[in-house]
Amino acid sequence: MTPLSRLIRTMIETDGPMGIDRFMTVALAHPQHGYYITRDPLGAAGDFTTAPEISQVFGELIGVWAVAQWQAMGEPQSFLLVELGPGRGTLMADLLRAAQVRPHFGKAAKLHLIETSPVLRAAQAARLGPGATWHFSLESLPAGPALVIANEFFDALPIRQFECRGGRWFERLVGLQGGGLKLGLAAQPVKLGLSGQDGAVMEVAPEREAVAEALGDRLKAQGGAALVIDYGHTVTAPGDTLQAVRAHGFAAVLERPGEADITSHVDFEQLGHAFRRGGAVVPPVMRQGDFLTAMGLAARVERLAGQLQGGDRENFVSAARRLAEEAAMGALFKVMTVHSPRTPAPYPFGVS
Ligand code: SAH
């Protein structure tokens, strides 16, 4: 039993069963014991590994994307370079290094990082040096055109789940059974306006959509573009994608709140609608493999591999391939761009 299992049990005893969104918020973001608040979860010694931690090529190619988009925007002399949930700062460090091919980019970029974790803020500061400004949310960003990057950020925002029983939808709630946490269903059905088979699960992500709508609104009003990368599906579909990950393996979602990462797959269709509600333009989503290939993955890997020998070379090439291979991250991960109606559509979206 973790400190948060005890707290959640008390909350349920007081207020009754809670939605999965509330459970996720407490498990991930509790100010004292929340998963993201207390640790650096990334890398071999942590719980999971992300693309920027697998290969430097990932952040470098996003750097190429950012420079191309800055040029398409007319090379503004000052703009916000924003990252949502920057982890260890690895992606941003690789992005900025690759962007040095256009020295004015680095001078124009004002770095703003949106991060709730004090542990990861410290890691980002150590990696990126002075000059960044940290925020807890989009609201406190200063005005101006922005390029925004979010890798594996939206999957960490809470969702709600509904289950179909006898043609009606019931919210899945976390309740108590024998002193432990147990998933059950609300007593009263809700109207989802959907038909479903018995046992079907639908997920909705109001918090995710609120961030997307606010970002869409900001991009429309002030110019710029965002690049959102995450695991998920292009078209809304039923399915239970809630998952907990601990020490690089799947864990039971309710078992050790505060000690496992809890996420779900991103529904890019609904995320796109939210960005559009805010006023941004949303070109069709790409698969990560296709995006990286279009950004020049093969040439970059070949160039860097040429500087390595033997086992180092093999490891480098196979890590970079993992990002794009269909059986690894190339197909499950999707890349969405959104942009201001005043900003040209970012390469390579809509190019076929
Ligand atoms: N982008 C990084 C890290 C992904 S993990 C990478 O690819 O390696 C998720 C990141 O989002 C972490 O930095 C985590 O602390 C941050 N995060 C999670 N929920 C957040 C929230 N509500 N607001 C801001 N940051 C959040």
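Basis of the calculations
Residues numbered from 1 in each chain as written. Predicted model: local features only at pLDDT ≥ 70, side-chain atom pairs only at ≥ 80, totals over all residues. Heavy atoms only, no water. Near = heavy atom within 4 Å. Polar contact = N/O pair within 3.5 Å; in protein donor to acceptor, adjacent residues only side chain to side chain. Areas by Shrake-Rupley, 256 points an atom, 1.4 Å probe, with all protein chains shown as cover. 1 Å grid on protein atoms, 1.4 Å probe; cavity = no way out; pocket = protein on both sides within 12 Å on 5 of 7 lines; lining within 4 Å. Sits in = over half its atoms within 2 Å of the grid points. Nonpolar A, V, L, I, M, F, W, Y, C, P; charged D, E, K, R; others polar. Phe/Tyr/Trp six-rings, centres within 6.5 Å; stacked < 30°, edge-to-face > 60°. Helix = DSSP H or I, 4+ residues; strand = E, 2+ residues; numbered from the N terminus. Buried < 20%, exposed > 50% of the residue type's maximum accessible area, 1.4 Å probe, protein only. Contact = heavy atoms within 4.5 Å.

A. Spotlight on the site of the ligand. In the neighbourhood of the ligand, 16 residues make up the surrounding shell, with Thr50, Gly85, Gly87, Glu115 and Asn151 lying closest. With respect to the ligand, the side chain of glutamate 115 contributes an N or O atom lying 2.5 Å from an oxygen atom. At 2.7 Å, a backbone N or O of asparagine 151 approaches a nitrogen atom of the ligand. Protein chains shield 91% of the accessible area of the ligand, which is 570 Å² for the free molecule. Taking a 2 Å distance to the grid points as the criterion, the majority of the atoms of the ligand fall inside the largest pocket. Looking at the shell around the ligand residue by residue, the classes come out as eight nonpolar, six polar and two charged.

B. Inspection of the packing of aromatic side chains at higher detail. With the rule as written, the count across this model stands at seven aromatic pairs. With 5.3 Å between their ring centres and 55° between their planes, phenylalanine 79 and phenylalanine 105 make a pair best called tilted. Placement of phenylalanine 79 in strand 2 (residues 79-84) and of phenylalanine 105 in helix 7 (residues 103-108) is noted, with a sequence separation of 26 residues between them. Here phenylalanine 79 matches phenylalanine 105 in class, with each residue buried. Of the aromatic side chains, those joined through ring pairs into one cluster are Trp70, Phe79 and Phe105.

C. Spatial organisation of the environment of threonine 263. Looking at where threonine 263 falls in the secondary structure, it is placed in strand 13 (residues 261-263). The class for threonine 263 is buried, based on a relative accessible area of 1%. Leave out the neighbours within four places in its chain, and threonine 263 touches Met24, Tyr36, Asp155, Ala156, Tyr231, Thr241, Leu242 and Gln243. At 2.8 Å, the side chain of threonine 263 and the side chain of tyrosine 231 are in polar contact.

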